[in-house]
Amino acid sequence: MITITHVFCDGYENSIGLDTPKPTLSWRLASDENGTAQTAYEIETASDEKFSQTIWQSGPIESSQSQHLTYSGPELKPHTRYWFRIRVRDNTGNLSNWSDPIFVEPALLNDGEWGTPFISSVLDTDPNASSGWYFRKTINLSKELCFARAYATALGVYELNINNFRCGNNRLSPGWTNYNRRLLYQSYDITRELAAGENTILLHAGPGWYKGDIAGWIGKRCFYGNRTAVSMLILLAYTDGTREWIRTGSDWKSSPSAVSYAEIYHGEKYDAGIAKSLKNNLLQWTQVEEVSVVSGLRILSQDGPLVLPREELRPKALLRDSEGKAIIDFGQNLTGWVRFTVSGEPGDRVHLRHAEILHPEGEFYTANLRSARQEIEYILSGDGTEEYQPFFTFQGFRYVRVEEYPGELRLDNFTAVVVHSAMEETGRFACSIPLLNQLHHNIKWGMKGNFLDIPTDCPQRDERLGWTGDAQVFIRTACLLMNTTSFFRKWLRDMRSEQLENGGIPFVIPDVLKEVPDTDEILAGSHSSTGWGDAMTICPWELYLQCGDIRILQENYTAMSNWVAYMRREARNEAIWDSGFHFGDWVAIDAKEGSYFGATPNDFTATVFYANSVDILRKTAQVLGKADDELQYAGLYEHIAEAFREEYFTHSGRLAVSTQTAHALALHFKLTPKEFVPRTVDSLVRLIEAEKNHLTTGFLGTPYLCAALSENGRPDVAYRLLLQEDYPSWLYQVKQGATTIWEHWDGIKPDGSLWSPDMNSFNHYAYGSVGAWLYNRVAGISEDEHDPGYRAILFEPLPDDQLTYAESSLNTPYGEASIRWEKLNDSTVRAELKVPVNAKARFKWPWDTEYTHFESGLYRLEKRLG
Ligand code: BGC
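Since we're looking at a predicted model, the values are computed, not measured.

Draft legend 1. Broad picture of helix 5 (residues 485-498). With 14 residues, helix 5 should reach 20 Å at 1.5 Å per residue; the first-to-last C-alpha distance of 20 Å fits that figure. With 13 of its 14 residues buried, helix 5 lies for the most part within the structure.

Here is the structure:
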């Protein structure tokens with residue numbers, strides 16, 4: 001029997017704040033019979049959950065499509081709730097029941113509709129002040145309410161309270177976009193928060209990314225503006241059919257808030273006495289004034305997942321340092337903050353500092369935070385048991401040093417709150433080697449720690465920026481671990497909004513490095529590094545492969561073409577890109593002592609990534625049916641490939657750049673002429689053996705190293721690297737106790753000493769990009785490029801002697817797909833497969849020459865070896 005387990009409208013099961021009148025619908029199916037597929041579907045839209053007032057019926061449509069169907073009923077209207085349900089027919093003629101209904105509610109839809117002032121306190125005049133502000137208005141409800149919505153945003157970060165209750169659980173809203181072009185607002189259903197009579201509406205805001213310190217090492221703040229401001233519309237719909245809008249304006253009042261200081265990097269100071277005065281209505285309220293926003297700013301509905309508290313961790317241990325100070329160990333490097341309870345006298349203080357590691361001698365280590373202070377100070381009101389968690393900041397930490405805490409320090413009073421963009425966790429991986437399972441854990445926590453509205457390099461030091469290169473190398477792994485579609489779609493919008501007129505791509509998105517002072521020789525006036533700018537092509541393509549939504553390619557096509565056009569102009573003879581500044585194979589081990597730049601020459605990496613972007617663009621043109629473009633880019637690719645051969649291969653087939661990264665890239669991106677492949681593979685293996693089976697690769701080589709080997713008949717060498725436990729290797733850091741992925745292979749060196757504090761993050765996901773190889777090849781599950789979004793699944797496990805089993809499951813757009821392979825004895829291996837309904841799969845052992853094809857269902861296969 002076929003059933004519908006989930007229905008999604010533009011990626012969400014139930015949502016308010018939709019930003020389009022024509023969303024897409026997708027659904028997941030289940031069946032207890034193998035070989036089930038959909039042959040027809042039917043969509044119904046209604047204005048009520050019971051479907052008594054139907055708005056539109058598609059009628060039965062013969063189609064197997066169950067993903068990304070554009071809704072083709074009447075356009076959805078703003079702030080109106082719609083219900084959708086689906087039913088399907090399967091290939092045996094069975095008709096499913098109607099799905100459980102989901103609702104969706106568009107927000108304002110027309111960005112011109114905002115028309116609401118931004119207000120700031122008249123007292124907010126100091127650009128260097130980092131205080132929080134309350135903005136307040138009381139409203140009187142004299143009629144019976146049918147429903148009420150609030151749409152709010154800030155120049156800063158904010159939260160909404162009504163009658164002393166916090167609305168929504170979203171944190172650090174409106175998140176971080178290019179505030180000069182795009183500012184997002186959040187939608188709230190506030191029907192239940194409002195009551196008859198007087199209601200107090202309170203917006204609480206802090207400086208955030210808008211006004212606060214950004215990119216600490218360039219000493220810049222007020223990057224977007226120097227006043228914290230808020231803007232909000234409330235829609236009151238009454239049962240008598242009338243409507244009323246309430247907007248922020250000069251009739252609101254403001255007051256400095258209990259948050260006397262809040263900075264993304266530095267932490268927060270909170271005076272609970274002020275919060276108490278607020279509650280008791282004892283605050284002095286002052287005027288607000290309207291502030292202008294940059295012209296052309298678009299105010300748009302939240303278009304990615306909200307940042308939410310996602311889990312909580314209890315302390316693992318209470319330690320003491322040499323000064324006798326208490327250090328709480330949460331056992332996990334994480335991003336978020338500490339929530340605590342405390343009681344004491346008015347004016348007593350709690351003071352906490354946060355760090356990722358302890359110095360090998362057991363001391364609290366904060367040097368690697370650079371200028372980021374990550375401190376919390378809380379002044380007690382003295383009112384019984386008080387509870388606090390920060391409002392407008394976040395910390396990257398595992399350890400918390402308790403500088404001050406009145407009364408007895410009990411671990412029970414402290415909880416770590418893990419905060420990141422809300423995404424469904426989709427990937428699961430396990431195998432018979434515990435260290436590898438811990439590596440997978442660390443990769444996942446690297447993602448949790450760095451997907452906070454934008455993909456960041458790290459969550460702790462004075463950086464936390466959307467480095468394009470880092471996101472590009474990690475995106476494939478990220479898409480396996482969690483459903484990142486809305487997250488990256490939003491960040492790609494940010495990226496497009498920052499693309500330079502000449503097609504160049506800034507190093508970080510949002511681009512806060514465009515104003516670095518001239519004294520910064522590397523970054524001043526520079527942009528478009530190879531492997532970093534390629535995020536503009538690689539991210540849409542990877543996202544499309546994983547989610548199968550063609551809109552991702554449509555939206556990005558022009559920007560992708562402009563990026564390729566940029567490189568084409570920069571490259572010598574449109575082929576070898578040997579100019580400009582590049583980060584190259586960043587922090588590779590083959591770099592010169594003390595340098596961050598790996599040994600692989602930049603013209604080599606730049607030409608490889610340029611060729612790869614052209615190839616992606618060719619494939620994109622093909623998917624979008626742009627035949628002329630496809631032909632043009634195919635020609636350009638051939639031209640680059642030929643020049644590449646001329647420039648980097650000797651006539652007898654020696655690759656002239658003798659680094660692991662160069663070999664891995666030339667092989668993986670298929671720029672090695674066919675006849676030279678065996679020699680190139682051999683010399684890669686020799687380079688690895690020369691290092692006693694260790695890698696030397698940096699940001700650009702590492703993601704492809706194992707793949708280059710396994711694609712070319714040397715999975716044994718890939719496993720040797722993966723399972724290596726000595727420095728440098730992935731498992732070296734695991735054995736050193738890492739709980740996230742380090743920025744440097746030698747963040748903590750074998751002798752216990754540390755890499756320079758200048759650049760030593762212990763939560764940098766880039767090297768976690770090997771996660772894709774764990775899923776795709778160790779367990780053996782991946783998308784099939786010819787039928788993306790897991791409509792077709794590729795099972796190609798690579799069993800190795802050192803493993804007795806490996807397994808992985810993915811919550812694909814079609815539902816759960818999984819594989820488990822296991823050695824039953826020396827001569828038999830078994831695989832168990834799960835293919836979701838309406839999808840298909842092909843499977844191959846490394847010893848097979850042909851694929852076996854499967855429809856949906858559960859399968860078990862055994863293979864006798866030799
Ligand atoms: C960041 C990196 C980034 C790099 C540029 C660093 O400071 O942390 O991850 O990609 O600069 O090479």
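Draft legend 2. Geometry of the site of the ligand. What surrounds the ligand is the set Asp457, Arg461, Glu463, Trp467, Asp470, Trp532, Phe583, Trp586, Phe699, Glu743, Met759 and His764. In this structure, aspartate 457 approaches the ligand through a side-chain N or O atom, which is 2.7 Å from an oxygen atom. The side chain of tryptophan 586 places a nitrogen or oxygen atom 3.4 Å from an oxygen atom of the ligand. Look at the ligand: alone it shows 310 Å² of surface, and the protein chains cover 97% of it.

Draft legend 3. Representation of the side chain of serine 120 within the structure. For serine 120, the position within the fold is in strand 10 (residues 118-121). At a separation of 3.3 Å, a polar atom in the side chain of serine 120 contacts the side chain of arginine 227. For serine 120, the residues in contact, after removing those within four places along its chain, are Phe135, Arg227, Thr228, Ala229, Val288, Glu289 and Val291.

Draft legend 4. How the structure looks around the side chain of aspartate 848. Residue placement: aspartate 848 occurs in the loop between strand 42 (840-843) and strand 43 (852-854). Here the side chain of aspartate 848 touches lysine 863 through a polar contact of 2.6 Å, side chain to side chain.

Draft legend 5. Inspection of helix 10 (residues 660-668) at higher detail. Among the nine residues that make up helix 10, eight are buried, leaving the element largely enclosed by the rest of the structure. Three or more residues of helix 10 are buried, namely Gln660, Thr661, Ala662, His663, Ala664, Leu665, Ala666 and Leu667. Within two residues after helix 10, lysine 670 carries a phi angle of roughly 55°, on the positive side.

Draft legend 6. Region of interest: unusual backbone geometry. Cis rather than trans, the peptide bond between serine 173 and proline 174 has omega equal to 10°. Of note, proline 174 is situated in the loop between strand 14 (165-167) and strand 15 (182-189). Note that the residue after isoleucine 509, namely proline 510, is joined by a cis bond; omega there is -5°. Secondary-structure assignment places proline 510 in the loop between helix 5 and helix 6 (535-547). Positive phi is not limited to glycine here, since asparagine 163 has a value of about 50°. Residue position: asparagine 163 is located in the loop between strand 13 (157-162) and strand 14. When its relative accessible area of 23% is taken as the criterion, asparagine 163 is described as partly exposed. In this structure, asparagine 281 is a non-glycine residue whose phi angle is positive, near 60°.

Draft legend 7. Spotlight on the packing of aromatic side chains. In the structure shown here, the tally under the stated rule is 64 aromatic pairs. With a centroid separation of 4.9 Å and 75° between ring planes, the pair formed by phenylalanine 604 and tyrosine 648 is classed as edge-to-face. Taken together, the residues phenylalanine 604 in helix 8 (residues 602-623) and tyrosine 648 in helix 9 (residues 627-648) connect sequence positions 44 residues apart. Given the relative accessible area of 4%, tyrosine 648 is considered buried. Pairing tryptophan 845 with tryptophan 847 gives two aromatic rings, centres 5.6 Å apart and planes at 40°, and the pair type is tilted. The exposure class assigned to tryptophan 845 is buried, which follows from its relative accessible area of 3%. Over the ring of phenylalanine 394 we find arginine 464; its NZ or CZ atom is 4.9 Å from the centre of that ring. Against the face of tyrosine 851 rests arginine 842, its NZ or CZ located 4.4 Å from the ring centre.

Draft legend 8. Quick peek at the sheet that holds strand 1 (residues 3-9). If you trace the three strands from one edge of the open sheet to the other, you get 1-3-7, paired in antiparallel fashion. At either end of the open sheet lies a strand with only one pairing partner, and these are strand 1 and strand 7 (69-70). Pairing of strand 3 (residues 24-30) with strand 7, which is carried by two bridges, proceeds in the antiparallel orientation. The partner of threonine 24 across the bridge, within strand 7, is threonine 70.

Draft legend 9. Inspection of the environment of leucine 794 at higher detail. Structurally, leucine 794 can be placed in strand 38 (residues 792-795). Classification of leucine 794 as buried rests on a relative accessible area of 13%. Sequence spacing of leucine 794 and glutamate 783 is eleven residues, and the spatial spacing of their C-alpha atoms is 5.7 Å. Apart from residues lying up to four places away in sequence, leucine 794 is in contact with Gly780, Ile781, Ser782, Glu783, Asp784, Arg842 and Tyr851.

Draft legend 10. A look at the pairing of strand 27 (residues 349-355). Counted residue by residue, strand 27 has five buried out of seven residues, so it is predominantly covered. The pairing of strand 27 with strand 30 (residues 375-379) spans five bridges and is classified as antiparallel. In the strand pairing of strand 30, arginine 349 is matched with isoleucine 379. For strand 27 and strand 32 (residues 395-404), the ladder comprises five bridges, and the chain directions are antiparallel. From the neighbouring strand, leucine 352 faces strand 32, where its bridge partner is valine 402.

Draft legend 11. Structural view of the pattern of salt bridges. Scanning the entire structure with this criterion turns up 65 salt bridges. When the shortest N-O distance is used, the salt bridge between arginine 461 and glutamate 463 registers 2.8 Å. For the pair arginine 461 and glutamate 463, a shared accessibility class is recorded, and that class is buried. A salt bridge links glutamate 574 to arginine 568, with the nearest nitrogen and oxygen atoms 3.2 Å apart. Each of Arg182, Asp303, Asp453, Arg489, Lys490, Arg493, Asp494 and Glu555 takes part in salt bridges that share partners, so that together they form one network.

Thresholds applied
Positions within a chain are numbered from 1, following the residues in the order the chain's sequence is written. Local features in this predicted model are restricted to residues whose pLDDT is 70 or higher, and side-chain atom pairs enter the listing and the counts only when it is 80 or higher, whereas totals over whole chains, interfaces and linings include all residues. Note that the side-chain values use all heavy atoms of the structure and ignore hydrogens as well as water. Helix numbers and strand numbers start at the N terminus; a helix is a DSSP run of H or I with at least 4 residues, a strand a run of E with at least 2. Here a helix's expected span is defined as the number of its residues, less one, multiplied by 1.5 Å. Buried means the residue's accessible area, taken with a 1.4 Å probe over protein chains only, is under 20% of the maximum for its type, while exposed means over 50%, and partly exposed covers the values in between. Residues are counted as near a molecule or strand when any one of their heavy atoms sits within 4 Å of it. Pairing of N or O atoms within 3.5 Å defines a polar contact, subject to two protein rules: one partner must be a possible hydrogen donor and the other a possible acceptor, and residues neighboring in sequence count only if both atoms are side-chain atoms. Working definition of accessibility: Shrake-Rupley area with a 1.4 Å probe, residue cover restricted to the visible protein chains. Note on contacts: a residue pair qualifies if any of its non-hydrogen atoms lie within 4.5 Å across the two residues. Side-chain rings of Phe, Tyr and Trp (the six-membered ring for Trp) are treated as a pair once their centres are within 6.5 Å; stacked means planes under 30 degrees apart, edge-to-face means over 60, and tilted covers the remaining angles. In this scheme, Lys NZ or Arg CZ marks a charge over a ring once it lies within 6 Å of the ring centre and within 35 degrees of the ring normal. Here, a strand pair is defined by DSSP locating no fewer than two bridges between the strands. Think of a salt bridge as a Lys or Arg side-chain nitrogen and an Asp or Glu carboxyl oxygen that are within 4 Å of each other.

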